[in-house]
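Topology and contacts: notes
Okay, here's what each chain looks like letter by letter:
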Amino acid sequence: RATPLARAPRNLEQMLSVGYSETKLSDLVLAPRTRASLERYVVEQRRAEALASHGLRPRRRLLLHGPPGCGKTMTAQALAGELKLPLIRVRLEIVFSRYLGETASTLTDVFAEAARVRGVYLFDEFDALGRTRLDDLEVGEVKRVVTTFLQLLDSDHSDSLLIAATNTGHTLDAALFRRFDDVLELPEPTTEQRRELLNRLLRPWRLKPTGRIVTAAEDLSFADIRAAVEDAHKDAILGDQVRPNRENIADRLSERQSRVP
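Residues numbered from 1 in each chain as written. Predicted model: local features only at pLDDT ≥ 70, side-chain atom pairs only at ≥ 80, totals over all residues. Heavy atoms only, no water.

**As for the overall build of the protein chain**
- Counting its secondary structure elements, the protein chain contains 12 helices and six strands.
- In the protein chain, which comprises 261 residues, the proportion classed as buried is 48%.
- Residue pairs in contact within the protein chain that sit at least 24 positions apart in sequence constitute 78% of those at least 6 positions apart.
- Surface accessibility of the protein chain: about 13,700 Å² in total, with carbon and sulfur atoms responsible for 49%. (Helix = DSSP H or I, 4+ residues; strand = E, 2+ residues; numbered from the N terminus. Buried < 20%, exposed > 50% of the residue type's maximum accessible area, 1.4 Å probe, protein only. Contact = heavy atoms within 4.5 Å. Areas by Shrake-Rupley, 256 points an atom, 1.4 Å probe, with all protein chains shown as cover.)

See the structure below:
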């Protein structure tokens, strides 16, 4: 059962961003194998007592990697929503920008909080923490922090889910991969996945994506497509229209596409 949580403890309030999610796995557009893996997490967490009666523990450590905007954060939100647990984002960029000399002790406090408050702990921008210890360009402090993180993972026996998200999985320390129950890649969406997302987003207005809309969505991430459709929705509201029109949706998608490198 989740511990009600309105805010992070005072010593970690700059480090942890706490909230709740209504997102479900059914809201995500996923490859079948990826969906099956995530559904397995939900089932094992819900049946944790049955597993414990046989001396087993449910999956609870997940590494997500893939390009920006392809669903890593939303996947963590969906797991939190399915399990009705708080979603707690660990802001690693704050650790390295403000607390570099105290990173190891700060991470120890985060893991202590995960043992005290069951939740979905998202270590976003994991690249900052998980770069290989063999990288000669990294300072000694960063290498020491990675070692500390590995030790904390090994000694962690909490009931919280620990999710790490990174854009560049190939640069991570190989020792980190072995600490996670699953490593899932969330690649750029296929044309069919983009079409499926557009169908879902336009369904409330009883619209179907036209050929121009689908073409305009090519090369865009899930996040870009959602943002473009949201912009078209705002345009409709500000123009006192009942719903966005297809041409404006296509224009907004094309506008986003022009930003893609």
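**Section: helix H9 (residues 191-202)**
- An ideal rise of 1.5 Å per residue puts 16 Å on 12 residues; H9 measures up with 16 Å between its terminal C-alpha atoms.
- For H9, the secondary structure elements touched by its buried residues are helix H10 (211-216), helix H11 (222-238) and helix H12 (246-257). (Expected span 1.5 Å × (residues − 1).)

**Quick look at the sheet that holds strand S6 (residues 182-185)**
- With mixed pairing, six strands are arranged side by side in an open sheet as S1-S3-S4-S5-S2-S6. Of all strands in the sheet, those with a lone pairing partner are strand S1 (16-19) and S6, marking the two edges. Between one strand and the next, the sheet's axes are offset by a mean angle of 20°, whatever the strand orientation.
- Pairing analysis gives four bridges linking strand S3 (residues 87-90) to strand S4 (residues 120-123), with the strands arranged parallel. Along S4, the bridge assignment pairs Val90 with Phe123.
- Of the strands in this sheet, strand S2 (61-65), S3, S4 and strand S5 (161-166) touch helix H3 (residues 72-83), which is tilted by about 165° from S5.
- Contacts from helix H5 (residues 103-116) reach S1, S3, S4 and S5 within the one sheet, and its direction differs from that of S4 by about 155°. (Pairing = 2+ DSSP bridges. Axes fitted to C-alpha atoms, helices over the stretch in contact; angles between N-to-C directions.)

**Topic: the pattern of salt bridges**
- This structure, assessed with the given rule, holds 19 salt bridges.
- Where Arg194 meets Glu218, a salt bridge forms, and the shortest distance between an N and an O atom there is 3.7 Å. In this pair, Arg194 is assigned in helix H9 and Glu218 in the loop between H10 and H11, connecting sequence segments 24 residues apart.
- Linking Glu255 and Arg252 is a salt bridge whose minimum nitrogen-to-oxygen distance equals 3.1 Å. A residue pair is termed a helical-turn pair when its members lie 3 or 4 positions apart in one helix, as Glu255 and Arg252 do in helix H12 at three residues. (Salt bridge = Lys/Arg side-chain N within 4 Å of Asp/Glu carboxyl O.)

**Things to note about unusual backbone geometry**
- Positive phi outside glycine occurs at Arg206, with the angle close to 55°.
- Residue placement: Arg206 occurs in the loop between H9 and H10.
- The exposed category is assigned to Arg206, whose relative accessible area is 77%.
- The phi angle at Asp219 is positive, at roughly 75°, despite the residue not being glycine.
- Its place among the elements puts Asp219 in the loop between H10 and H11.
- Judged by its relative accessible area of 52%, Asp219 is exposed.

**Points about the packing of H9 against H11**
- Direction vectors running N to C along H9 and H11 enclose 30°, while the axes themselves pass 11 Å from each other. If you check the angle between H9 and H11, you find them roughly parallel. The way H9 lies across H11 gives a crossing that is right-handed. Residues Gln193, Arg194, Leu197, Leu198, Leu201 and Leu202 of H9 form the contact with H11, whose own contacting residues are Phe222, Ile225, Arg226 and Val229. (Parallel < 35°, antiparallel > 145°, perpendicular 65-115°, else oblique. Left-handed = near helix turned anticlockwise from the far one by under 90°.)

**A closer look at the packing of aromatic side chains**
- Counted under the stated rule, the structure contains three aromatic pairs.
- Between Phe111 and Phe123, the aromatic rings sit 6.0 Å apart at their centres with planes inclined by 35°, giving tilted as the arrangement. With Phe111 in helix H5 and Phe123 in strand S4, this pair connects stretches of sequence that are 12 residues apart. The pair formed by Phe111 and Phe123 is uniform in burial state, with each residue classed as buried.
- Judged by centre distance (5.5 Å) and plane angle (80°), the ring pair of Phe123 and Phe149 falls under edge-to-face. Taken together, the residues Phe123 in strand S4 and Phe149 in helix H7 (residues 140-155) connect sequence positions 26 residues apart.
- According to the relative accessible area criterion, Phe123 is buried, its value standing at 2%. (Phe/Tyr/Trp six-rings, centres within 6.5 Å; stacked < 30°, edge-to-face > 60°.)

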